[in-house]
Amino acid sequence: MTLLQVMPVEAPADVRLRSDDEEVIRRELLWIGVRFGRWHAAHRLPAEADDAAITRAYRCHIDHVRAESGYRAVEIARLPEGPEGPHGPAAAGHDPPPAGPDQALCEDCPGEHLHEEDLVRFVVAGSACFFLHASGAVHAVLCTAGDLLSVPGRTAHWFDAGADPRYTAIRFRQGAGGAGTRCLPNGLAARFPGFDALAAPR
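From a predicted model like this one, the values you see are computed outputs, not experimental measurements. Every chain is numbered independently, its residues counted from 1 as its sequence is written. Residues qualify for local features only when their pLDDT is at least 70, as the model is predicted, and side-chain atom pairs are given and counted only at 80 or more; totals for whole chains, interfaces and linings, by contrast, use all residues. With hydrogens and water stripped out, all remaining heavy atoms of the structure feed into the side-chain values.

## Section: the nonpolar core
Part 1: One finds Leu29, Phe130, Leu132, Leu149 and Tyr167 to be the most contacted residues of the largest nonpolar core, which totals 23 residues.
Part 2: Think of it this way: any DSSP run of H or I at least four residues long counts as a helix, any run of E at least two long counts as a strand, and we number them from the N terminus. The set of elements that each furnish at least two residues to this core consists of strand S1 (3–8), helix H1 (22–30), strand S6 (119–134), strand S7 (137–144), strand S8 (147–151) and strand S10 (166–173).
Part 3: If one sorts the elements of this core by residue count, S6 sits on top with six residues.
Part 4: Excluding its chain neighbours within four sequence positions, the residues that come into contact with Leu149 are Leu29, Val34, Arg35, Phe36, Leu119, Val120, Arg121, Phe130, Val141 and Cys143.
Part 5: Here, nonpolar core means buried Ala, Val, Leu, Ile, Met, Phe, Trp, Tyr and Cys residues that are tied together by side-chain atoms lying within 4.5 Å of each other. For every residue, the accessible area (1.4 Å probe, protein chains only) is compared with the maximum for its type, and the residue is labelled buried under 20%, exposed over 50%, or partly exposed between those bounds. Listed in part, the 17 residues of the second largest apolar core include Ala53, Ile62, Phe122 and Ile170. What makes two residues a contact is simply this: any of their non-hydrogen atoms within 4.5 Å.

Now the structure itself:
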């Protein structure tokens, strides 16, 4: 279930908004400059689809995003990593190899950080939570398969896929690697509920 929970930075227990309504989520995120959408595969994907199959299934969407925003790198991120490493087989003749799962982009600071370029993720399978620190609040966006999230560069955020991660995503970049990432060692992430708490039934 896709979910948005908004909490003030100074009062994490004070939930201003909690909604699984796609229109509510889209509207609330637009207030902080974040785009949220949904994609559908051109054909059904098997549970263990490799990178090439994922790229083929979403080719039309991928090409549209690249043409619209000029992203040069398209990568498949997986948690946990498969037997072939963080990215599995490459999509031949299309993109540079990926640089590892989202948690490894700033592995020296697993808490809040920011990137110089936009953060764009499409969740292919599983789920994970992106915590966006903007306008005096933390917007926890629990994304599931089919969700597209586009976050402007220099938006402070952190990422959590839970104690037993199951997450596959397409990510878009201006270039390869995690260059332009800056850690914010303020301990903010530890004050807020993580993926497992947000995903637990109520």
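From this point, the narrative continues.
## Re the pairing of S10
Part 1: Extensive coverage of S10 is indicated by the burial of seven of its eight residues.
Part 2: Any two strands with at least two DSSP-identified bridges between them are counted as paired. Pairing of strand S4 (residues 73–79) with S10 involves seven bridges; the strand directions are antiparallel. Across the sheet, residue Val74 finds its bridge partner in S10, namely Phe172.
Part 3: Strand direction decides the pairing type here: S6 and S10, joined by seven bridges, are antiparallel. The partner of Gly126 across the bridge, within S10, is Tyr167.

## Side note on the environment of Ala140
Part 1: Looking at where Ala140 falls in the secondary structure, it is placed in strand S7.
Part 2: Taking the C-alpha atoms as reference points, Ala140 and Phe192, separated by 52 residues in sequence, lie 9.3 Å from one another.
Part 3: Here Ala140 is in contact with Leu3, Leu4, Gln5, Met7, Cys129, Phe130, Phe131 and Leu198, once residues within four sequence places are set aside.

## Re H1
Part 1: Among all positions of H1, only Val24, Ile25 and Leu29 are buried. Taken down its axis, H1 places every buried residue within 120 degrees of arc, on the same side. Structural note: H1 exposes Glu23 and Leu30 on the side pointing more than 90 degrees away from its buried face.
Part 2: Put simply, Asp21 is the residue that caps the front of H1, since its side-chain oxygen is 2.9 Å from the backbone nitrogen of Glu23. In this description, the arc belongs to the directions extending from the helix axis to the C-beta atoms. Pairing of N or O atoms within 3.5 Å defines a polar contact, subject to two protein rules: one partner must be a possible hydrogen donor and the other a possible acceptor, and residues neighboring in sequence count only if both atoms are side-chain atoms.

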